[in-house]
Amino acid sequence: MTPRLRPGGQSAPDDALVAMTDPTRWRLLNLVAAHGEETATTLAAQLPVSRPAVARHLSILGRAGLVSGRRSGREVRYHVRPQRLEQAAQWVTQLASEWDARLAAIKRIAESLEDA
Amino acid sequence: MIPDRIEREIRIAASMERVWTALTEAKHLGTWFGDAGATIDLRPGGAITLTWKGHGTTRARIERVEAPRLFSFRWVRGRDEEPEPDNSTLVEFTLTPDGSGTLLRTVESGIRGLEMAEAELREYARLNDGGWTFELGELTAYLAGMSE
């Protein structure tokens, strides 16, 4: 996968960052990804967090485009939207590219230094 | 899925002492990390400031200094704030001999533990957009040099 130079337009990773940098939302996202079709009730049963808190986090994940919900009777069932997760993964690829560039710069400096 | 740590390494045709100098002296630090200068108080607990053209200053705090093998610090991405466990990541450099050269390895960890407010994250993503472009340009230039 080639890292994108710019996260521009609607594919900007900022919303996905919101999800992946909060530990509770991160766990929620992983649970939904692993099992699919989770509801706020089933998710709250698996985390040390109240159902209203889970619903609030799901709403943030939904706004970020990372999960979407489908009404089923009295409950909403959530599943992961892989495209947005992919974009979050690309963000990490970009972080890795930053380090490749920094290490390359350190290499250039060290190899051009004269012995003291 | 998304990892909590990023690990990269590079082989350098220079002694560990030279790599250590490139890593830790302010005049070098201000070019490979930041692009408009840096200050460093090289001791555990010492402060680092990194300046970027147009992006202002960010701060780091040194954790370990074991010349010429280990250097680590916590830094705050994209904002001028004192590093704390919940707003910073840990960066560790380890140097090992590699023939006549040095293997330099870096690990940045704690990425998922960052607890930033939503608005700050948006600003962070905006600021770093330009940063990635610049640094990837550096990488491209480097790779072009490798294929000669």
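From a predicted model like this one, the values you see are computed outputs, not experimental measurements.

1. A look at the overall build of chain B
Line of reasoning, step 1. In terms of regular secondary structure, chain B is built from three helices and seven strands.
Line of reasoning, step 2. When its helices and strands are written in sequence order, chain B yields β-α-α-β-β-β-β-β-β-α.
Line of reasoning, step 3. Across the 148 residues that make up chain B, the buried fraction comes to 27%.
Line of reasoning, step 4. Here the analysis covers contacts within chain B between residues at least 6 apart in sequence; of these, 33% occur between residues at least 24 apart.

2. Description of the confidence of the model for chain A
All names here are of chain A.
Line of reasoning, step 1. Overall, the prediction assigns chain A a mean pLDDT of 76, with 72% of residues at 70 or greater.
Line of reasoning, step 2. Mean pLDDT per element in chain A: helix H1 (residues 14-20) is the minimum at 62, and helix H3 (residues 40-44) is the maximum at 92.
Line of reasoning, step 3. This model gives residues 1-13 a pLDDT under 50, and the stretch forms 23 contacts once residues within four places in sequence are excluded.

3. Details of helix H4 (residues 51-63) of chain A
Residues and elements named next belong to chain A.
Line of reasoning, step 1. Between its first and last C-alpha, H4 extends 18 Å over 13 residues, near the 18 Å set by a 1.5 Å rise per residue.
Line of reasoning, step 2. For H4, the full list of buried residues reads Val54, His57, Leu58 and Leu61. Along the axis of H4, the buried residues cluster in a sector spanning 105°; they form a single face.
Line of reasoning, step 3. Positioned one or two residues after H4, Gly65 has a phi angle of 80°, which is positive.

Thresholds, definitions, all that
- Residues numbered from 1 in each chain as written.
- Chains lettered and ligands numbered in written order.
- Predicted model: local features only at pLDDT ≥ 70, side-chain atom pairs only at ≥ 80, totals over all residues.
- Helix = DSSP H or I, 4+ residues; strand = E, 2+ residues; numbered from the N terminus.
- Buried ≥ 20, exposed ≤ 12 C-beta atoms within 10 Å, placed from the backbone.
- Contact = placed C-beta atoms within 7 Å.
- pLDDT = per-residue confidence, 0-100.
- Expected span 1.5 Å × (residues − 1).
- Arc of directions from axis to C-beta.

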